[in-house]
Amino acid sequence: MDINRRNKDIVRRGRRLKNGRRGDGPVVYWVSRDQRVRDNWALLWAQQEAISRQKGLLVVFCLVPDYLGAKSSQYLFMLRGLARMQKKLHEMNIHFTLFEQSPDDILPGFLRQIDAHLLVSDFDPLRIKRQWTEQLIAQVVTPIYQVDTHNIIPAWMVSDKKEYAAYTIRPKIKRLLDDFLTDIPPLQHHPFSWAHTLALAGSSSLARVISTLNSSGCELRGAGEASAQFAADSFIKIGLENYSERRNNPCLNGQSGLSPYLHFGHLSAQRLAWVVSRDKLPIETKEPFLEELIVRRELSDNFCLYEPLYDTFAGFPAWARKSLDQHRCDERAYLYSFHDLEAGNTHEQLWNACQIDLVQSGKLHGYLRMYWAKKILEWTPNPETALEYAIRLNDRYSLDGRDPNGYAGVAWSIGGVHDRAWAERPVFGKIRYMNEAGCRRKFDVNSYMSSVFARERE
Ligand SMILES: Cc1cc2nc3c(=O)[nH]c(=O)nc-3n(C[C@H](O)[C@H](O)[C@H](O)COP(=O)(O)OP(=O)(O)OC[C@H]3O[C@@H](n4cnc5c(N)ncnc54)[C@H](O)[C@@H]3O)c2cc1C
């Protein structure tokens, strides 16, 4: 790629959030959602700026306790990935610093202390990340830029409004995709060192933090970019060909299993889409996977970006709110507390198996996730409670939880977001219904339940 094209490709993925005074210190990349060195447009953006101004480059991560209800196994997965990121950065002459404080508390003073040249952050539409960013904008004099390195096309460029459904965002994505779905240039060994003499007040050791955690409960897979790359390569080699026939059958292991890597940014969705799109398999075979990876993922980010109430009843479409309101007082045949649900203690063995599977493995198959969330609507006193419980359980137990895909997925299941009205029935109103009989028509429910219960007994 020629240098001008490379630079332009990097620059167009970012936007300026704040003008300010460029200090004499390093360019700082505040990494949050995209925890990788390779294929990271935000890091490339920061490096390009640092090289053009002959500055050192520093990456900081702010570790917040109790982030959206995450458990220690999720922290451990993330921190192991960060440890590998730190090592790789070090080899590239890029400094990495960990803080155990929220970014709005630590970064303003820190940026002042090192006289930062400018700050680059990655993009995340979730409320907490946006609040942190707004606090930073208000408190620092340093210029701030944001780069969307999670989506293939920056979320603010795909659309400037909340999209109604996949069919409304798809043409907008397709229009820009050829231009944005490119190869990603490599990061360079950074030519300028940051010769800091200041003690980085408040910085922590990753190894120490990791040693204080244990993965209680959920079995952990390999974390970090190398494991993510290995999993992606294996899926493309073995799973992609049969994805479309197998993905809706929880007994066949037909999904890619890549969502935790995509969630923590260990894997670039753009790299994955680029490799899949150039694979020799026929386009009809690859299309269903690319639809999920690109259209559905970017639709979820669009939902959280333009719907401030993405995790509340008020975030549901008007037809769904009206219909759910009309069925508020319908009698529920079963009512379960949060504790019953969390313990997998309902009358329906399939639902209990799903919950146990989620707790044990940190994941639940995509098809079962829909059934699982819809039953919570059926078995709780109102849609608000259902939404709260489903989000709380998903965020607490899914390795890929606390993600726009999760908020959109739960809102789709319980509140008709990105869906249409269906035949009316008790409790659900016009929200699409699912039940165990439907699952039995799709896959061998008994075999799924036996494998989960056998694992539980081990
Ligand atoms: C109630 C409910 C909760 C969900 N919670 C989450 C969550 O917390 N985190 C999460 O990443 N996904 C969530 N999803 C979406 C989807 O179920 C998962 O992304 C998918 O099952 C992850 O497994 P995979 O990586 O093997 O997917 P694959 O089928 O292999 O798909 C590849 C990638 O495409 C994207 N994708 C696939 N399906 C969807 C979808 N429906 N919406 C948006 N993106 C999609 C994901 O990034 C996924 O990793 C949820 C769906 C529902 C109905």
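Every value quoted in this text rests on a predicted model; they were computed, and no experiment measured them.

The assigned domain composition of the chain is domain 1 (3-156) and domain 2 (313-457). Computed from C-alpha atoms alone, the centre-to-centre distance between domain 1 and domain 2 is 35 Å. Listed by partner, the interface residues are 11 residues for domain 1 and 8 residues for domain 2. The contact between domain 1 and domain 2 buries some 800 Å² in all, and 65% of this surface belongs to carbon and sulfur atoms. Linking domain 1 to domain 2 there are 0 salt bridges. The interface formed by domain 1 and domain 2 holds 4 residue pairs in polar contact (both at pLDDT 80 or more) in total. Residues that form the side of domain 1 that touches domain 2 fall into these classes: 6 nonpolar, 3 polar and 2 charged.

Near the ligand, the surroundings consist of 26 residues, among which Tyr 243, Ser 256, Gly 257, Ser 259 and Asp 400 are the closest. Between the ligand and Gly 257, the relevant distance is 2.6 Å, taken from an oxygen atom to a main-chain nitrogen or oxygen of the residue. One of the side-chain N or O atoms of Glu 292 is found 3.0 Å from a nitrogen atom in the ligand. Within the complex, 91% of the 830 Å² of free accessible area of the ligand lies under protein.

Under the counting rule described, the total for this entry stands at 18 aromatic pairs. Residues Phe 99 and Phe 110 carry aromatic rings whose centres are separated by 4.9 Å and whose planes lie at 70 degrees to one another, so their mutual orientation is edge-to-face. Note that Phe 99 is positioned in strand β4 (residues 95-99) and Phe 110 in helix α4 (residues 103-113), a separation of 11 residues in sequence. You can call Phe 110 buried: its relative accessible area is 2%. Ring plane angle 50 degrees and centroid distance 5.3 Å describe the contact between Tyr 310 and Tyr 407, whose orientation is recorded as tilted. A residue pair is termed long-range when its members are at least 10 positions apart, and Tyr 310 in the loop between α13 (283-306) and α14 (318-326) and Tyr 407 in helix α19 (residues 404-415) qualify at 97 residues. Of the two residues examined, Tyr 310 and Tyr 407, each falls in the buried class. An aromatic cluster is built from Tyr 334, Tyr 336, Trp 351, Trp 372 and Trp 379, whose rings are joined through pairwise contacts. For the cation-ring pair, Arg 13 lies above Trp 41, with the distance from its terminal atom to the ring centre recorded as 4.0 Å.

What counts, and where the lines are drawn
Residues take numbers from 1 onward in each chain, read along the sequence in its written order. Local features in this predicted model are restricted to residues of pLDDT 70 or higher, and side-chain atom pairs are both shown and tallied only at a pLDDT of 80 or more, whereas totals for entire chains, interfaces and linings draw on every residue. Based on all heavy atoms of the structure, the side-chain values leave hydrogens and waters out of the count. Per the annotation, domain bounds derive from an automatic or database assignment of domains. Between two residues, a contact is recorded if the distance between any of their heavy atoms is within 4.5 Å. Buried surface area refers to the total accessible area, computed with a probe of radius 1.4 Å, that the two partners give up upon joining, counted for both partners together. By convention in these notes, a salt bridge is any Lys or Arg side-chain nitrogen within 4 Å of a carboxyl oxygen on Asp or Glu. Two N or O atoms form a polar contact when they lie within 3.5 Å of each other; inside protein one atom must be a possible hydrogen donor and the other a possible acceptor, and for residues adjacent in sequence the pair counts only when both atoms belong to side chains. Put simply, Ala, Val, Leu, Ile, Met, Phe, Trp, Tyr, Cys and Pro go in the nonpolar bin, Asp, Glu, Lys and Arg in the charged bin, and everything else, Gly too, in the polar bin. We call a residue near a molecule or strand as soon as one heavy atom of that residue lies within 4 Å of the molecule or strand. For the area figures, the Shrake-Rupley method with a 1.4 Å probe applies, and any residue is considered shielded solely by the protein chains shown. Between the rings of Phe, Tyr and Trp (Trp by its six-membered ring), a pair exists once the centres lie within 6.5 Å; its type follows the angle of the planes, with under 30 degrees stacked, over 60 edge-to-face, and the other angles tilted. A helix here means a DSSP run of H or I that spans at least four residues, while a strand means a run of E at least two residues long, and both kinds are numbered starting from the N terminus. The buried label goes to any residue with under 20% of its type's maximum accessible area, the exposed label to any with over 50%, and the partly exposed label to all in between, with areas taken from a 1.4 Å probe on protein chains only. Two thresholds decide whether a charge sits over a ring: the Lys NZ or Arg CZ must be within 6 Å of the ring centre and within 35 degrees of the ring normal.

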